[in-house]
Amino acid sequence: MPANSSTAASYDLVIAGAGVSGLFAAWRLLRANPGLRVVSLEKLPCTGGRLQTTIVQVADRQGHPQSVKDEEGGMRFRGGDEMPFINTLVKALGLEGDKVPFLMELKGTLQRYHFRGTAFTSENANAMWSQLYKLAPGDTNQSAAGVLLGVLLGVLQATENWQYQQQFHGTVHDHPDTKIPSGAEEWQIFRNRCTFGGTTMNQWGFWALLRWARLPGGATGLSSECIEWLEHAIGFMGPTQAFINAGESLQIIFDFPAKAEFITLARGMQSIPNNLETWLRSQPNVTFRFGEQVQGIEAVPGGGVTVYTDAGGYTAAQTILALPHAALAAVIAKSKMLQGNAAFSKAVDSVQDMFLSKIGLYYDQRWWHGNAINLSCGANFTDLPLGSVYCFQQYPKDLVRDASYDGPAALTIYNDYDRAAFWMEMQNLGGPYQSPQGIAQPANTQAASTVLVAEATRQLMALFSLPPQVPPPTPVLSTFRVWGAGQYGHGYHQYKIGFDDMKDVDPHIWNPVPGTVFVCNESWSPEQG
């Protein structure tokens, strides 16, 4: 810790971290007590954490500028009771009118797939899986979600779980007598109380459960071939490549089902932290400090706490550590007042940091729309390192106008674990990609490398079945972000195998030093991710 704390000042509250957790905590407390003296400390040059929207002016083929939006971090959420906190917050911040559909598919268009060297569309995907993979008869002519639903139902229909089904409210069209978890609290009950083979779901790994699951028709376990297919087809590899429990894996999959009605914000997800920051700055006793990373905390004799950054110290009656797992663990290592509490340490260590990357490619035309590809929006999947490719509507509230729009637009490439590592290798080769339109690199973003852009283009051609003589247009801008490397925290967090978050985490994580130090972050929330 810095020996010189000459910058120390006295506050009622120091909040470490100005991501959504820290901003949300400050907003709630100041609405209840407007006189609080609060200082918010953030290592990045801006608020928002994992919500960052990039809006770029791109000239179309006639030279007319058009705004193109892309998300560096979180890009969608579900409405209503499925995700109540974010929906309540959006409404309270006056953003209800900014909600627009985030469509995963549009009637009349076909999503694209490329697996085992074969390109096909969503129209014949279910039939293609059994041609490309050696699947058991019961797994053929199904989607990946359909197979995984069979695994979930096999757990829920076990006699020992009937009592918990009475607490669930999710429905399945073909299985009206079986209720599945719906919402964060019900999934928490599922992973910590429901059992399979006498073992709670939090003790099972996802891969292990798939190998031993009780399936419709009486079969036991999915083949390795089927699991390989599922690993690629669900769009992210974390459930099988990270040491997280099976209940968590099923929650993150069924929280984002293919037919869900997703929502985003017309001006971008960064509208949420932007509006929170604007409101907080309107309060008379709120201070923001950017570019300061919290190093540790120590108790003040007689009460209170000093929070040390690499620039000095801030003394207050209380502090909220609104930090994700890796950042909080680093603070604990340098803070005696947070050490020696075994229950707190166990709670902190209960989560797995989830590693992912996002690539943004901006074009002066929406080349995947209004032609043989005929895509307007949604996700496209491949077992290539490309992983998941998202395209977006330019006018989501006006389908007629959007159908005729072929101007500037962006593609987002999302991937995690092995795939993210592949793109990190590509990023290490060649210099930064230079915009042929001379567009300045947006603030707080990094250009992809020339080699990365070339490799991504090659894989996009395979996904969209473009012949070598008809390559896509040259991107006019690129971005590359790894969540979990450099200055950026991990993309999200999941509970590890062997932890009961209702017992091991919830009672111990939030207030490690009674009345003085509090913890608030997505890392240990029932709504992780």
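Predicted, not measured: the structure shown is a model, and the values here were computed from it.

Scanning all chains against the criterion turns up one cavity of 30 Å³ or more. Here the largest cavity is characterised by a volume of approximately 30 Å³. As for the largest cavity, its lining consists of Glu 248, Gln 251, Ile 252, Asp 255, Gln 494, Pro 526 and Gln 528.

Of all residues in the protein chain, 97% have pLDDT values of 70 or greater, and the mean over the chain is 92. A low-confidence stretch, residues 1-7 (pLDDT under 50), is modelled with 14 contacts involving residues beyond four sequence positions or located in other chains.

So, on to the environment of Asp 81. Within the secondary structure layout, Asp 81 lies in the loop between β5 (77-78) and α2 (84-92). Each C-alpha atom, one on Asp 81 and one on Ala 343, is 32 Å from the other, the two residues being 262 residues apart in sequence.

In this section: the packing of aromatic side chains. Evaluated as defined, the whole model comprises 26 aromatic pairs. Between Tyr 113 and Phe 115, the ring centres sit 6.4 Å apart and the planes meet at 40°, which makes this aromatic pair tilted. The exposure class of Tyr 113 is buried, given its relative accessible area of 15%. When its relative accessible area of 0% is taken as the criterion, Phe 115 is described as buried. Plain terms: the ring middles of Trp 510 and Phe 518 are 6.1 Å apart, the flat faces sit at 35° to each other, and that makes the pair tilted. The class for Trp 510 is partly exposed, based on a relative accessible area of 47%. Aromatic rings pair up to connect Tyr 113, Phe 115, Phe 120, Trp 129, Tyr 133, Trp 229 and Phe 381 into one cluster.

Let us look at helix α16 (residues 450-463). Here α16 contains 14 residues, and its C-alpha end-to-end distance of 20 Å stays within 8% of the 20 Å for a straight helix at 1.5 Å per residue. Within α16, the full set of buried residues consists of Leu 452, Val 453, Glu 455, Ala 456, Thr 457, Gln 459, Leu 460, Met 461 and Leu 463.

In this structure, the second largest pocket occupies an estimated 500 Å³ of space. Along the wall of the second largest pocket there are 27 residues; nearest its centre are Lys 69, Phe 392, Gln 393, Gln 394 and Pro 396. Top element by residues in the lining of the second largest pocket is strand β4 (residues 65-71). It accounts for six residues. Tallied by class, the residues present in the lining of the second largest pocket amount to 16 nonpolar, six polar and five charged.

Right, let's talk about the packing of helix α6 (residues 184-193) against helix α10 (residues 246-254) for a bit. Packed helix pairs are specified by the crossing angle of their axes together with the interaxial distance, meaning the distance between the axes. Taken N-terminus to C-terminus, the directions of α6 and α10 make an angle of 150°; their axes are 9 Å apart at the nearest point. The angle between the axes of α6 and α10 places the two elements in the roughly antiparallel class. Between α6 and α10 the crossing geometry is right-handed. Between α6, through Ala 184, Trp 187, Phe 190 and Arg 191, and α10, the contact on the second element is made entirely by Gly 247, Glu 248, Leu 250, Gln 251 and Phe 254.

Scoring rules and cut-offs
Residues numbered from 1 in each chain as written. Predicted model: local features only at pLDDT ≥ 70, side-chain atom pairs only at ≥ 80, totals over all residues. Heavy atoms only, no water. 1 Å grid on protein atoms, 1.4 Å probe; cavity = no way out; pocket = protein on both sides within 12 Å on 5 of 7 lines; lining within 4 Å. Points joined across faces, edges and corners; volume = space filled by probe spheres on them. pLDDT = per-residue confidence, 0-100. Contact = heavy atoms within 4.5 Å. Helix = DSSP H or I, 4+ residues; strand = E, 2+ residues; numbered from the N terminus. Phe/Tyr/Trp six-rings, centres within 6.5 Å; stacked < 30°, edge-to-face > 60°. Buried < 20%, exposed > 50% of the residue type's maximum accessible area, 1.4 Å probe, protein only. Expected span 1.5 Å × (residues − 1). Nonpolar A, V, L, I, M, F, W, Y, C, P; charged D, E, K, R; others polar. Axes fitted to C-alpha atoms, helices over the stretch in contact; angles between N-to-C directions. Parallel < 35°, antiparallel > 145°, perpendicular 65-115°, else oblique. Left-handed = near helix turned anticlockwise from the far one by under 90°.

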